[in-house]
Amino acid sequence: MSIIDCHWNHNGSILAAAGCTADKTNVVQFFGAYGEHIRTLRVPGGSMRALSWERRSLRLAIAIDSFIYFANVKMDHKYAFYGNTLAYVSGNETVTFWDTVTHQSWINHIPDVIDMCGIDEYCVIATLGTLIISNQQGIQCDAKTVNIPVIYVTINSKAIVVAASKESFMTWKFSTPARPRASDQLYHADGSPVTSNDGGFQDDTICCIASSDSHLLVGRDSGSILLFSLVNFKKITSINMNSKPYKLGLNSNSSKFYVIDQPGSLYLLDTDMANNISIGQALRKDIWSALWASDNPQMLAVAEKARLYVMRDTEPEEPLTMQGYLCKFKELEITFALLDNVEDKCTLQHIVRVEVKSLRDTRQLIEKVGLKEAEKFIKDNPHPQLWLLLAEAALKNFESESALETAEAAFVRRNDYAGIKFVSRLNALHSNALKKAEIAAYFKDFDTAEKIYHNEDRRDLAIALRKRLGHWFRVVELLKMSASTAEAQVKQAYSNIGDYYIDRQNWTGALEYYSMSNNTEGLKKCHMALEDNESLAKLFTGSPKASKEFGAQKQNAIDDSSYNISNEPSIQGIMQLKESGRLIQAAEMAFQLATLEASKKGSPLKIKKLFILAGHLYSQGGVEGARGREAVRCWRRAAAAHWAAAAAARARSCPPRHDAALRAAARLAHHHHLLHEAQQIQVWCTIASIAIQARAFELCSKALIKLEAVDSDTFENLAIEIFTRFKPKDAKGNHIECSSCEVSMPEWMSTCPGCGTEFPECAVSGRALVALHTVWTCNTCGAHAQQHELVLRHSCPMCHAQLS
């Protein structure tokens, strides 16, 4: 074209060049700061004279003949919307993570952000030489150094990241709690694997990428689009476009994908197309963004100029006005962010949600016509959200004829079992007032529901409702209003209020309500947290069980400031010694008390806490700190008790957690020699029971061999009965690869069977920690854990020391 005028935008990132082509067409070409062609804008009219940018470069004024045309310019913001979090580049070296539900924000220092993409729980951020995986709070979960100049990134819900440069792209399976072992593979732009002897230059370079859980799309400058399978990474097909693709996107079930080319034309194609076929005519023009619905593979939101179209298959609905950037399309609601308006920080005004036409029409039919007509409309335009809307409208009009039948049918259509049971419960009620109260509670109007119960003289139902909600303060008020309230009910409510305060670490408030409920265990927790040793001692002294167990020695220990360590070990004695500065003696007594509890086959959790107490006291009183021999001995025994408690708790959990229990049982078997002799039968019985449930018969065999050595009469017949039916081999479970020799091994194994490498164990999950760069180590007890397991924790999972 012949140049007429050209100008840089306000920050020098885009050059707009206006001119006239050989066929007398007015065009504006947009180029990046390094000469890369970004977009072509065709402008109608006669002779073009000039152009000018707006101050913030969000609009462009173009002079043609006696007219001034205004073009909206949508900047290519770096942002990602995943879960309920909006992550966007908020400065030259900062990324803001803003929760759109709680309105909390986290700002991270991440310089040189090139591209970002998010889905579900994770977001990938590409910088110069690094890929960073962050969760919804902006906490880094994994990272990888890359050797290619990454320009584009995409991520799917299978924890696979695809990062592309101009000449090549790589797939990276990053570490997650379910898959601690990461792997990556590098490919050329045509999909062939990169070897060490390959050259880096490619004639046909990459210009855009997109992925789903099963497919990968790679767009190239020549106009070709390559479709790959992410399952076995084989090339499925190749499509040739008439122009360079600008954006790509796969729908929720990977059956279709859209292509937006550089002039802004939109094409919809099927993923099962053969090679080198005709792409057909463009569906829309002047498109700059699009987004598939995450719950409907047929619906696509399309941003055309300043309008938003929702396309069902290829038919567009009535357009909506839109100035933002598409973030989420789910449940017939589109969320977009006004990123151009964000100056300092994101607020509620920067997130806009609009409903699609079918949802708006259904609301109008319900309000103005009736349920029957709305039901017919939804049958012609089915969607789970529309059925939910119909069900809720029928519940609100439950007194009308067949309203509850309509609600039940709608819940059935959307496969909502809880809704079906709720309608069944309503049908069982004979009072319309009680039905109305239940429906009010369903819509979370709890005050109205309680008022109805009071009017119907059913205060018991109001109390039961508040108990289900955990509104214990209101439960106390209702109980005091009732004439037939039992004292036990009030004490239970007071005890739950105490738990409420303890959850918020308000020990003084909890102490008051635990006193009113006579909750001894709760009072112990509060006195220990407040370090009120005198009250704690009185509490133990006043207990009949404590008096019987410890007798006069306990009372003497409290009253005598020069407490004698030779007395029977007790909590009071430990506190007395600690207060007098005799930390080593207190630690020895704590160790003795833990050993005494172990000999009595006491609670593993209590034994663990006593060993931890001893370890902390040794650490505070010893010259060598936590490295001291006695402290290390306490930490090791605490770890054994930790796995004994974890194995028992996970085996009893509901629903059963067989994998988690098996990991704890395997760790318990590894540490069994640190436990007291009196605990051995109990320990090996626990391991054998868990191994049978998890079908780990090799571990079960080892446990039964240990038990037969102790009591052959009891366990020999049991072993014969089991192993005549099952071979002593473990069923296929979760496996990981050794980082040294890449041999596959069970995730709970401590030592690689191939090369003998020993791996530390995660104190939370029990998995072997093969990716050492993601391992956290406690500075106090030396316990290890995967970093992402500590996101919601404030202390070490083993010794409870404060996280640093």
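The coordinates are above.
Residues numbered from 1 in each chain as written. Predicted model: local features only at pLDDT ≥ 70, side-chain atom pairs only at ≥ 80, totals over all residues. Heavy atoms only, no water.

Engineer: Would you mind going over the overall build of the chain in detail, with residue names and values included?
Structural biologist: Counting its regular elements, the chain contains 23 helices and 38 strands. Projected onto its principal axes, the C-alpha positions of the chain cover 110 × 80 × 60 Å. Burial statistics for the chain: of 804 residues in total, 47% are counted as buried. In the chain, the proportion of contacts linking residues at least 24 apart, taken out of those at least 6 apart, comes to 38%. (Helix = DSSP H or I, 4+ residues; strand = E, 2+ residues; numbered from the N terminus. Buried < 20%, exposed > 50% of the residue type's maximum accessible area, 1.4 Å probe, protein only. Contact = heavy atoms within 4.5 Å.)

Engineer: Can you tell me about the pairing of strand β27 (residues 287-292), naming the residues and giving the values?
Structural biologist: Most of β27 sits inside the fold, with 5 of its 6 residues counted as buried. Across 5 bridges, the pairing between β27 and strand β28 (residues 299-304) is antiparallel. Bridging across to β28, S289 finds its partner in A303. Linkage of β27 to β28, two consecutive antiparallel strands, is achieved through a turn of 6 residues. (Pairing = 2+ DSSP bridges.)

Engineer: Can you tell me about the packing of aromatic side chains, naming the residues and giving the values?
Structural biologist: Enumeration over the complete set of coordinates arrives at 20 aromatic pairs. Plain terms: the ring middles of Y79 and Y325 are 6.0 Å apart, the flat faces sit at 70 degrees to each other, and that makes the pair edge-to-face. Within this pair, whereas Y79 is found in strand β8 (residues 79-82), its partner Y325 is found in strand β32 (residues 325-330), the two being separated by 246 residues in sequence. The same class applies to Y79 as to Y325, namely buried. Ring geometry for F473 against Y501: centres 6.0 Å apart, planes inclined by 80 degrees, an arrangement best described as edge-to-face. Placement of F473 in helix α9 (residues 472-481) and of Y501 in helix α10 (residues 487-503) is noted, with a sequence separation of 28 residues between them. (Phe/Tyr/Trp six-rings, centres within 6.5 Å; stacked < 30°, edge-to-face > 60°.)

Engineer: Describe in detail the sheet that holds strand β33 (residues 333-337), supporting the description with residues and values.
Structural biologist: Reading across the sheet, the 3 strands line up as β32-β33-β34 and stay open at both edges, with antiparallel pairing between neighbours. In the strand order of this sheet, the two ends are held by β32 and β34 (351-355), each with one partner. Strand-to-strand, the axes of this sheet are offset by a mean angle of 25 degrees, without reference to chain direction. Bridging between β32 and β33 involves 5 bridges; their strand directions are antiparallel. Opposite L326, over in β33, you have F336 as the bridge partner. (Axes fitted to C-alpha atoms, helices over the stretch in contact; angles between N-to-C directions.)

Engineer: Tell me about empty space enclosed by the protein, and name the residues and values.
Structural biologist: In this structure the tally under the stated criterion is 1 cavity of 30 Å³ or more. Roughly 40 Å³ of volume is contained in the largest cavity. If you trace the largest cavity, you find it lined by T176, P177, P180, S765, R767, L769, Q786, H788 and E789. Here the lining of the largest cavity is built from residues that sort into 3 nonpolar, 4 polar and 2 charged. (1 Å grid on protein atoms, 1.4 Å probe; cavity = no way out; pocket = protein on both sides within 12 Å on 5 of 7 lines; lining within 4 Å. Points joined across faces, edges and corners; volume = space filled by probe spheres on them. Nonpolar A, V, L, I, M, F, W, Y, C, P; charged D, E, K, R; others polar.)

Engineer: Pulling in residues and values, what's your account of the environment of T777?
Structural biologist: The topology assignment puts T777 in strand β37 (residues 775-777). Separated by 17 residues in the primary sequence, T777 and P760 have C-alpha atoms spaced 9.9 Å apart. Other than its neighbours up to four places away in sequence, T777 contacts G782, A783 and H784. At 3.1 Å, the side chain of T777 and the side chain of H784 are in polar contact. (Polar contact = N/O pair within 3.5 Å; in protein donor to acceptor, adjacent residues only side chain to side chain.)

Engineer: Report on helix α22 (residues 697-710), specifying residues and quantitative values.
Structural biologist: Helix length check: α22, at 14 residues, gives a terminal C-alpha distance of 20 Å against a target of 20 Å (1.5 Å per residue), a fit within 8%. When we look at burial in α22, the residues that qualify are F697, L699, C700, S701, A703, L704 and L707. Each element contacted by the buried residues of α22 is listed here: α20 (658-671), α21 (680-693) and α23 (712-723). (Expected span 1.5 Å × (residues − 1).)

Engineer: Outline the packing of helix α1 (residues 357-368) against helix α3 (residues 384-396), listing residues and values.
Structural biologist: Running from amino to carboxyl end, α1 crosses α3 at an angle of 20 degrees, the nearest separation of the two axes being 10 Å. Taken together, the axis directions place α1 and α3 in an arrangement best described as roughly parallel. Relative to α3, α1 is oriented so that their crossing is right-handed. Residues S358, L359, T362, R363 and I366 of α1 form the contact with α3, whose participating residues are Q385, L386, L389, L390 and A393. For the contact of α1 with α3, a count of residues per class yields 6 nonpolar, 3 polar and 1 charged. (Parallel < 35°, antiparallel > 145°, perpendicular 65-115°, else oblique. Left-handed = near helix turned anticlockwise from the far one by under 90°.)

Engineer: Tell me about the pairing of strand β11 (residues 105-109), and please be specific about residues and values.
Structural biologist: Sheet analysis places strand β10 (residues 94-99) next to β11, joined by 5 bridges and oriented antiparallel. Directly across from T94, in β11, lies its bridge partner H109.

Engineer: Residue-level account of the sheet that holds strand β2 (residues 14-20), with values.
Structural biologist: Spatially, β1-β2-β3-β4 is the arrangement adopted by the 4 strands of the open sheet, whose pairing is antiparallel. The open sheet has two edge strands, β1 (2-8) and β4 (37-43), and neither has a second partner. The sheet shows a mean angle of 20 degrees between the axes of neighbouring strands, taken without regard to direction. Sheet analysis places β2 next to strand β3 (residues 26-32), joined by 7 bridges and oriented antiparallel. Bridge pairing in β3 links L15 to F31.

By themselves, these are just geometric observations and shouldn't be taken as functional.
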